[in-house]
Amino acid sequence: MSRLIQPEAAGGAPAYFMGYFSSGPNQTHKQEKLHYAYSRDGLHWYELNENRPVFGTSLGEGILRDPFIAKGADGNWHMVFTIRPRGEYIGYCRSSDLITWEDERKLPVMKGIDDCMNSWAPEFTYDPERNQYLIYWASSCGQDLGNSKHYSAWTPDWITLTEPSLFFDPGYQTIDASLAEHEGKYYMAVKDESVVYDRSVKHPCRNVLAVSDRLEGPYTVETGFRTPDYTEGPEFLKLEGTNRWLLFYDYWSYGKFGIMETTDFREWRELGEDEFRIPYRARHNTVFPISEPELARLLDKYALLAQYGTPTNAPVRLAAEEPEGFLHSAFSLRTIVMQFSPNQLAGTQVLFDEGDSKNGMALRIREGGLEAAVVSEGERVMLQAPVDASAGGKWRHAALSFAEGTVSLYLDGRLADRVRAGFAIVGPHTGAGGYGGRFGSDAFGDTHGKDPFDGEIRQVKLYSVPLQEADIAMMAKPLTAAVL
């Protein structure tokens, strides 16, 4: 175990969102529907809805691949995506909150092109001067999929489309384009997959970079840049408040992601795999910034496992002693959040108890301090934070998170202690659990009595993600601003 104290940005920090479809290496175990993840730093992404789909299309064969989402000039979120059967259409829908998607329909972007075989991996960019969206995608025209080029069309309203026009043709097969604007120039990361249909090409698939002075092009390939071999699906993300750009790319055959970073689009650095985290089986992502109020709603919709808002002053059992069910499953990502108002801080007072002395997590007040414990197969880590002696009668905010072995304790919206455990998963547990007291043996290893909390507890929330310090500060801010 190593102790880690590295305070993160406080509330008001940037927030980022990711959409993706899911599959394993070489497109096995496919779930071709929309999935979500979120991040506070743009690098460490945590899956929402327990990595299950949040939206599935009713268009065509019900396939949703290669989602791209961005907020439009109308304040709505717009999504375009690949559908089946192949042909002249892409999928489209819009949302005001990233929760409910509506106006779902097919856009005939290659209408009038008789020999169009497919319309894949669409994206769009808003042009404020024209007050229109430029949609761009890859299509192959002919007898097979071996003539893929990028086409584009303009739309002011997602109903009216201009005729498709050739957008980018470097002389070889391309798919998966993503655009970024930097210092008056437009950069396109795009997959060179010439090797797929031209066996004389010796290099594997990878992404290249092209540049233009105008959004609509023409684009010229930059020499000297490429992502690693066997990569595709490039996607740009600008980190808020910095000059740092990230370029995500997908090793689809290997079932993993890579990231490169730059500040000037000339010098690039490839990040090590220990510098970022991407959800398991994520494929072809879309990434974009969101506001904190938007993030708060999305966390409560897609990461909140349970919520108990009513103030209580006696132990509340949430789970019985049984082999499976709520508060009994193994976990690698988890956060418990609560507000508590102690009458006094003496002795031992249990705030939260999940699991038992072998596997579980717990929070307690003990002799004037806030303590936390997480245990897996008997291996235990403990954290602590002093509580102001004048805390009696005041509402305080506490949170305990577990992120694949990183355990963090927060008090009143601030990181109080952090340790690195020697385990990444807390095993399944059969013990009874709840809040406001002990319900058997607990993660601290205690077994005697309930040690009930002397005071009130409210707003107990259990999340399926390891909330970050900025998230905790955001949640604690109304309380701490009022009473501290």
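Presented here is an overview of the structure given in this document. (Residues numbered from 1 in each chain as written. Predicted model: local features only at pLDDT ≥ 70, side-chain atom pairs only at ≥ 80, totals over all residues. Heavy atoms only, no water.)

This brings us to the overall build of the protein. Helix and strand content of the protein: three helices and 33 strands. For the protein, the spread of C-alpha atoms along the three principal axes comes to 75 × 45 × 45 Å. The buried share of the protein, reckoned over its 484 residues, is 57%. Taking the contacts inside the protein whose residues are at least 6 apart along the sequence as the reference set, 59% of them involve residues at least 24 apart. (Helix = DSSP H or I, 4+ residues; strand = E, 2+ residues; numbered from the N terminus. Buried < 20%, exposed > 50% of the residue type's maximum accessible area, 1.4 Å probe, protein only. Contact = heavy atoms within 4.5 Å.)

This paragraph deals with the side chain of Q132. Tracing the backbone through its elements, the reader meets Q132 in strand β10 (residues 132-140). The exposure class assigned to Q132 is buried, which follows from its relative accessible area of 18%.

Note that E32 resides in strand β3 (residues 31-39). Within the structure, the side chain of E32 is placed 2.7 Å from the side chain of R65, a separation counted as a polar contact. Apart from the residues within four sequence positions on either side, E32 is in contact with F21, S22, G62, I63, L64, R65 and R84. (Polar contact = N/O pair within 3.5 Å; in protein donor to acceptor, adjacent residues only side chain to side chain.)

As summarised here, the arrangement of the four strands in space is β13-β14-β15-β16, forming an open sheet in which the pairing is antiparallel. Looking at strand neighbours, the two that pair on one side only are β13 (174-182) and β16 (220-221), the edges of this open sheet. In terms of strand pairing, strand β15 (residues 206-212) meets β16 through two bridges, oriented antiparallel. Its bridge partner being in β16, V211 is matched across the sheet by T220. (Pairing = 2+ DSSP bridges.)

Okay, the pattern of salt bridges next. In the structure shown here, the tally under the stated rule is 32 salt bridges. For K191, the salt bridge goes to E193, with nearest N and O atoms at 3.1 Å. We note that K191, like E193, is buried. Across the pair D412 and R396 runs a salt bridge, and its minimum N-O distance is 2.4 Å. Here the residue D412 occupies a position in the loop between β30 (406-411) and β31 (414-420), and R396 occupies one in strand β29 (residues 396-403), the gap between them amounting to 16 residues. On the basis of relative accessible area, D412 is assigned to the buried category, the value being 12%. One salt-bridge network, held together by shared partners, links R364, E371, R438, D442, D446 and D451. (Salt bridge = Lys/Arg side-chain N within 4 Å of Asp/Glu carboxyl O.)

Per the counting criterion, the structure on display carries 27 aromatic pairs. Pairing Y92 with W158 gives two aromatic rings, centres 4.9 Å apart and planes at 15°, and the pair type is stacked. A residue pair is termed long-range when its members are at least 10 positions apart, and Y92 in strand β7 (residues 90-95) and W158 in the loop between β11 (148-155) and β12 (165-168) qualify at 66 residues. Note on accessibility: Y92 and W158 belong to one class, buried. Plain terms: the ring middles of F124 and W158 are 4.9 Å apart, the flat faces sit at 75° to each other, and that makes the pair edge-to-face. Separated by 34 residues along the polypeptide, F124 in strand β9 (residues 120-127) and W158 in the loop between β11 and β12 bring together distant segments of the chain. According to the relative accessible area criterion, F124 is buried, its value standing at 4%. (Phe/Tyr/Trp six-rings, centres within 6.5 Å; stacked < 30°, edge-to-face > 60°.)

Formed by 36 residues in total, the largest nonpolar core has its most connected members in Y36, L98 and W101. Going through the elements one at a time, β2 (15-22), β3, β6 (77-82), β21 (282-290), α2 (292-302), β24 (333-342) and β29 are the ones with two or more residues in this core. For this core, the leading source of residues is α2, giving four residues. Residue contacts for Y36: discarding those within four places in its chain leaves F17, M18, G19, Y20, E47, L48, V54, I69, L98, W101 and Y302. (Core = buried A, V, L, I, M, F, W, Y, C linked by side-chain atoms within 4.5 Å.)

Overall, the coordinates contain zero disulfides when judged by the stated rule. Counting only cysteine sulfurs, C141 is the nearest neighbor of C205, a cysteine outside any disulfide, at a range of 20 Å. A relative accessible area of 11% means that C205 is categorised as buried. (Disulfide = S-S within 2.5 Å.)

Attention now moves to the pairing of strand β33 (residues 455-463). Judged from the four bridges that link them, strand β22 (residues 304-308) and β33 form a sheet pairing that is antiparallel. Bridge pairing in β33 links Q307 to K461. Strand direction decides the pairing type here: β24 and β33, joined by seven bridges, are antiparallel. Residue P342 lies in a different strand from β33, and its bridge partner there is G455.

Looking at where C116 falls in the secondary structure, it is placed in the loop between β8 (102-107) and β9. Using a relative accessible area of 12% as the deciding quantity, one classes C116 as buried. Measuring from C-alpha to C-alpha, the distance between C116 and V211 comes to 27 Å, with 95 residues separating the pair along the chain. Non-local contacts of C116, meaning those with residues more than four positions away in its chain, are made with G87, E88, M110, S139, S140 and C141.

What follows concerns the environment of Q143. Among the structural elements, Q143 can be located in the loop between β10 and β11. Each C-alpha atom of the pair Q143 and I90 lies 20 Å from the other, and the pair is 53 residues apart in sequence.

So yeah, pure geometry; function would need other evidence.
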